[in-house]
Amino acid sequence: MEVINNRYRLVELLEQNRIVSIYLAMDLFHENRYVQLNLLISEYTPSSLIHFFEKQFIAIKNLSSKRIARNEQFGAVTFVDNKPYTEKAFFYTVEFDRKNESYFSLIKQFSIDEVIEQFIEICSAVHYVHTSGFIYGSLNLKAIYPMKQGNRLLPKLKDLATIELEKYFHHDLENSYFNSPKLLAGIEPNIETDMYALGLILLAMITKQAYIENPKQALQSLEDNLGQSYRAHDRHRLRNLLPIIKKMIGTEEDYPYLTIQDMITELRESLDTDISIIEQEALEKLHFHTRIIGRDEELSYVLNNVQNMMSYKPSKRIIFVQGENGIGKTRFLQELHYLLELRKVTVYASFHLGSTGSSKNLWLDILQKLISQTDYSILRKYHAELVKYFPELEKGGAPTSLDYLTDDNSEYRLLNRIGAFINDSLQGRPAVFLIDDLHLADRFTLNLLHYLSMNNSHQNNLMFIVSGELREDGEKDFLENYHLMKKRLDTSIIRLDLLTEDQVAEMIRQILSLSYKPLRLTEKIYARSFGNPLFIQEIMKDLYSRRLLQVNKDNGMWSVLLDYNALEIPESIEQVLVNQLRDLEKIALQILETIAIYNKPVSKNIMSEYLELDEVLIHSTVDYLVQKGIIHQLVSDYGFLFDIYNKVLKRIVYEAIDAKTKITMHAHAAALMEKASDTKIEELIHQYEGAHNWEKCLVYYMDIAKQLHVQHEIRKEVQYLQKAERLMVNPYEKTEILVKIGGLCIEINQTEQALKTYKYALEIAENHDLQDLILKVHLELGNLFATSYKVDNLKHYLQKIDENFPIILDRESRLEYKRLQALLLNIKNQLDEADIILKEIIAESGDDFPRITGRTYLLLGFSSVQNNRYDEAIRYFKKAMKLLEHAGYLKGYLGAINNIGIISQSFRNEFDEAINYFEKVRDISEKYGIFETEIQALNSIGRIHATAYLF
């Protein structure tokens, strides 16, 4: 075992027992930073511990005091060494500090003043824990370890997750001496029991003991020996300390202190020293990644249905999660994703649907995870077609990311192939698909969901949980699929309600990391937000950014600086979002504008390079914006990326940039991306489009089209040529590209689009008197009608050429004109006259025009078949194959192969030979997604087998 979940590389085993193995690991997503990874051995891990982590870890990881080891991630082990891991195992991570010395070993060297200083630091850490709504519960000297901070020694508490873990196996007698008698009697840990332990820690530090068996006796002994063992200064200090220690370790019913702050206030007065335990920087933070509020029933309902599916019992198979904007649909699906993965359910999730019109990123998320879990023999079967539509799945990238929407036949085939791949990959295992913002999905995604849910209904191993609302545009495809899925008996709808006032109080408590619910603030916010979670979050950010919500430096508690009656709460989310931008420093606004001009999240390095500012300044400002909840951090395969948290705010920031500045900013971004080695072409084009650099856009569109042509990706090539044509100004170049587009449309059987394109090209050519292109368009139109056997239309354009171009000087055009004449004669059954012209074309063409020559051989082959000269026909078709393959004319190449197969089958009874040719047509068609020729080949193969009774 080396790499956990494709992120943590195990470096060294530090410690091991029956419940946990503790490793030093490298976080590959975080610049190879060292972390401590605690791997829980599931066979011996109590379910109550996992349940605690499941509920509380999200809050524990929000603790950010430098005086407490920080927990970072908790989850199930899903991958080991890049392979799916099916056993039940869990892990959590802690920031790593190598502990070379025990804290107790250093205590012996401390003076009384140093002991007091260390004690105050420890009190500060525990006070932070209490103020954040937690009880430490296991304070002792072994829970503290020393950290060097410059010339100072800083005591640091063990992380809370490990403290919870150690309750199940770490029963050290020495540590138990720090437990309050009330704790030993069975009460739950609380502030009082933590303060009792603090009192004993202080006493142990003064007496230089690792633990104290009899606290009262030790305290009395210390008091009795003050005059003999300590200097005057220390005696004076201790006489002031001992009464406080006595109170702290007292066991009376009424404990003398409510909080650590109360004790510190008395200590300050007693020592006549300015003491503060308030860690304002750590306390004054908003936390938006908190436990989900008010959705327990809905989560239980979904989890029960998933459990039924896993047990092959009746369950709902499609669950719609609905609710108003900002109600928390995305957060609900994220929580489900987390909980399902902890339960070792196979989950495929995507939260990448946007309003761009394409859902490609959704399927990339899902397919990439499927591929990582699929046997190679299955992958090989589907590789070519998946990579055709999703080139990003291929390592090394692709020239571009394109929309996969095609004609109806090709779309159905893609639906079928993705559905078959999912089924073959899962091999009957239950799986859950989570899709956020379904209302933003394109037609293909809706059709695929409908296809998967309908075609897999008999297998009962797939569940789809989707969020979304009815679309305002009334789009027909969406409504039809939406209503079809909702009508099914195995469909359920969960409507997320607004939060109650008590739930809003709990949400605010978690955002502020409080130990209590702030009722007055809740009342004010609830009255404006009506319990909408997103609105509540944005109001909290607004109050924080306006400095109306601050931590009191005297007691460490959050407070509102105005009278509650005078506190103004914004009326709308838009107003709140705009308020967040006020009073931001110039560098913060520059970072937000930089993020806004990119389509996708960006790294700190990109921000630094773009703004030409020091990385330290960028890092601190980004962290500040994350702390304010304006931007958020995302994990990617390349490390941490950042994006503006709210999509509406990102739009507001972008639209606030004036038009000229936008152009300049996009141009600068494009220039930097040109230099980078890992630039995604679609992001680069986005920047050039934003910079209005149409020349660059045109260059990239044409370059991509060339690459796609080599790959025989004709449909995608047409898309990029159309983009290029729209940018062209020169009428000659524009007409040429339109002619090319028309020819490609014919290749993929989009004859109506080809006709429309040619007519537009002819209009431009005639308007600008481009005679050679007028001739070329007439020839292309003649060829279009010839392929569909519209003889009158073919005659019409040949006649126009005769009238307007009595002498054709251009050799290629002249040969194509003669080929069309021969084709017309062939259609009229004037085969001998046609053959004479065709042979003239071959003689004149030579090797210069392989496409024309290859198509000429095709016509000769047809003529030979009509004259029952089958061997001759095969020779002609083989010559056509060679020439058309060289010319890159795939449709003609497949036609020649297919014709040889037909002759072998129908006229020579060579069925095995025929099948070889038809299978070649089938395989090439499948590879390049040419639906029509694939169907023809399959039909031909089927007929041969049927004739031979090979069913």
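Cut-offs and rules
Residues numbered from 1 in each chain as written. Predicted model: local features only at pLDDT ≥ 70, side-chain atom pairs only at ≥ 80, totals over all residues. Heavy atoms only, no water. Core = buried A, V, L, I, M, F, W, Y, C linked by side-chain atoms within 4.5 Å. Buried < 20%, exposed > 50% of the residue type's maximum accessible area, 1.4 Å probe, protein only. Contact = heavy atoms within 4.5 Å. Pairing = 2+ DSSP bridges. Helix = DSSP H or I, 4+ residues; strand = E, 2+ residues; numbered from the N terminus. Axes fitted to C-alpha atoms, helices over the stretch in contact; angles between N-to-C directions. Parallel < 35°, antiparallel > 145°, perpendicular 65-115°, else oblique. Left-handed = near helix turned anticlockwise from the far one by under 90°. Nonpolar A, V, L, I, M, F, W, Y, C, P; charged D, E, K, R; others polar. Polar contact = N/O pair within 3.5 Å; in protein donor to acceptor, adjacent residues only side chain to side chain. Expected span 1.5 Å × (residues − 1). UniProt positions renumbered as here; feature names shortened; annotations may be inferred. Salt bridge = Lys/Arg side-chain N within 4 Å of Asp/Glu carboxyl O. Phe/Tyr/Trp six-rings, centres within 6.5 Å; stacked < 30°, edge-to-face > 60°. Lys NZ or Arg CZ within 6 Å of the ring centre and 35° of its normal.

- Going by the annotation in an unreviewed UniProt entry, the name recorded for the chain is AAA family ATPase, with Ornithinibacillus hominis given as the source organism.

1. Observations concerning the nonpolar core
Part 1 of the argument: One finds I206 and M263 to be the most contacted residues of the largest nonpolar core, which totals 213 residues.
Part 2 of the argument: Not counting chain neighbours up to four residues away, the residues in contact with M263 comprise F119, C123, M195, I244, M248 and Y257.
Part 3 of the argument: Counting residues in each nonpolar core, the second largest holds 37 residues, with L362, L367, A431 and I435 among its members.

2. Comments concerning the pairing of strand 9 (residues 144-149)
Part 1 of the argument: Bridge count for strand 9 against strand 10 (residues 152-157) is six bridges, and the pairing is antiparallel. Counterpart to I144 in the pairing with strand 10 is L157.
Part 2 of the argument: The turn joining strand 9 and strand 10, which pair antiparallel and follow one another in sequence, is formed by two residues; a positive phi near 70 degrees is taken by G150.

3. Concerning the packing of helix 1 (residues 47-60) against helix 14 (residues 329-342)
Part 1 of the argument: One way to put it is that helix 1 packs onto helix 14 with a least axis distance of 11 Å and a crossing angle of 135 degrees. With respect to their mutual orientation, helix 1 and helix 14 come out oblique. Both helix 1 and helix 14 take part in a crossing whose hand is right-handed. Two secondary-structure elements touch here, helix 1 through F53, E54 and I58 and helix 14 through R331, Y338, L339 and L342.
Part 2 of the argument: Residues belonging to the contact of helix 1 with helix 14 are distributed by class as follows: five nonpolar, no polar and two charged.

4. Some remarks on the side chain of K156
Part 1 of the argument: With respect to the helices, strands and loops of the structure, K156 is situated in strand 10.
Part 2 of the argument: A distance of 3.3 Å separates the side chain of K156 from the side chain of D97, its partner in a polar contact.
Part 3 of the argument: Setting aside its immediate chain neighbours within four residues, K156 contacts K66, R67, I68, A69, E95, D97, A143, I144, Y145 and M147.

5. Comments concerning unusual backbone geometry
Part 1 of the argument: Non-glycine residue Q427 carries a positive phi angle of around 50 degrees.
Part 2 of the argument: Examined against the element boundaries, Q427 turns out to sit in the loop between helix 17 (408-426) and strand 13 (431-435).
Part 3 of the argument: The backbone of N868 sits at a positive phi, close to 65 degrees, despite the residue not being glycine.
Part 4 of the argument: Mapped onto the fold, N868 is located in the loop between helix 38 (850-866) and helix 39 (870-887).

6. Topic: helix 38
Part 1 of the argument: Between the first and last C-alpha of helix 38 there are 24 Å, a value that for 17 residues agrees with the 24 Å anticipated at 1.5 Å per step.
Part 2 of the argument: Among the 17 residues of helix 38, 13 are classified as buried, and the element is accordingly described as predominantly covered.
Part 3 of the argument: Directly beyond the C-terminal end of helix 38, a positive phi value near 65 degrees is found at N868.

7. A word on the UniProt feature "repeat: TPR" (unreviewed entry) in the chain
Part 1 of the argument: Per the UniProt annotation, the sites labelled "repeat: TPR" (unreviewed entry) are residues 735-768 and 854-887.
Part 2 of the argument: From the first C-alpha to the last, residues 735-768 spans 10 Å; its make-up is 88% helix and 0% strand.
Part 3 of the argument: Strand forms 0% of residues 854-887 and helix 91%; the C-alpha atoms that close the span are 8 Å apart.

8. Regarding the pattern of salt bridges
Two side chains with opposite charge may pair up if their charged atoms get near one another.
Part 1 of the argument: Taken as a whole and judged by the stated rule, the model has 38 salt bridges.
Part 2 of the argument: D27 serves as the salt-bridge partner of R7, at 2.8 Å between the closest nitrogen and oxygen. With R7 in the loop between strand 1 (3-4) and strand 2 (8-16) and D27 in strand 3 (residues 20-27), this pair connects stretches of sequence that are 20 residues apart. Taken individually, R7 and D27 each receive the classification buried, so the pair is uniform in this respect.
Part 3 of the argument: Here the salt bridges do not stand alone but share partners, grouping R67, E121, R152 and E279 into one network.

9. Considering the packing of aromatic side chains
Part 1 of the argument: In total, this model carries 21 aromatic pairs according to the counting rule given.
Part 2 of the argument: Relative to F877, the ring of F862 has its centre 5.8 Å away and its plane inclined at 75 degrees; by these criteria the two rings are edge-to-face. Of this pair, F862 sits in helix 38 while F877 is found in helix 39, placing the two residues 15 residues apart along the sequence.
Part 3 of the argument: Members of the aromatic cluster, connected to one another through ring pairs, are F52, F53, F57, F74, F90 and Y92.
Part 4 of the argument: Across from the ring centre of Y348, 5.7 Å away, lies the NZ or CZ of K369, which sits over that ring.

10. Description of the packing of helix 28 (residues 659-675) against helix 29 (residues 681-690)
The axes of two packed helices give the description: the angle between them and the distance between them.
Part 1 of the argument: Interhelical geometry of helix 28 versus helix 29 gives an angle of 150 degrees and a closest axis separation of 7 Å. Classified by the angle their axes make, helix 28 and helix 29 are roughly antiparallel. For the element pair helix 28 and helix 29, the recorded crossing hand is left-handed. On helix 29, the residues that touch K662, I663, H666, A669, A670, M673 and E674 of helix 28 are E683, L684, H686, Q687, Y688 and G690.
Part 2 of the argument: Among the residues making up the contact of helix 28 with helix 29, the classes are represented as six nonpolar, four polar and three charged.

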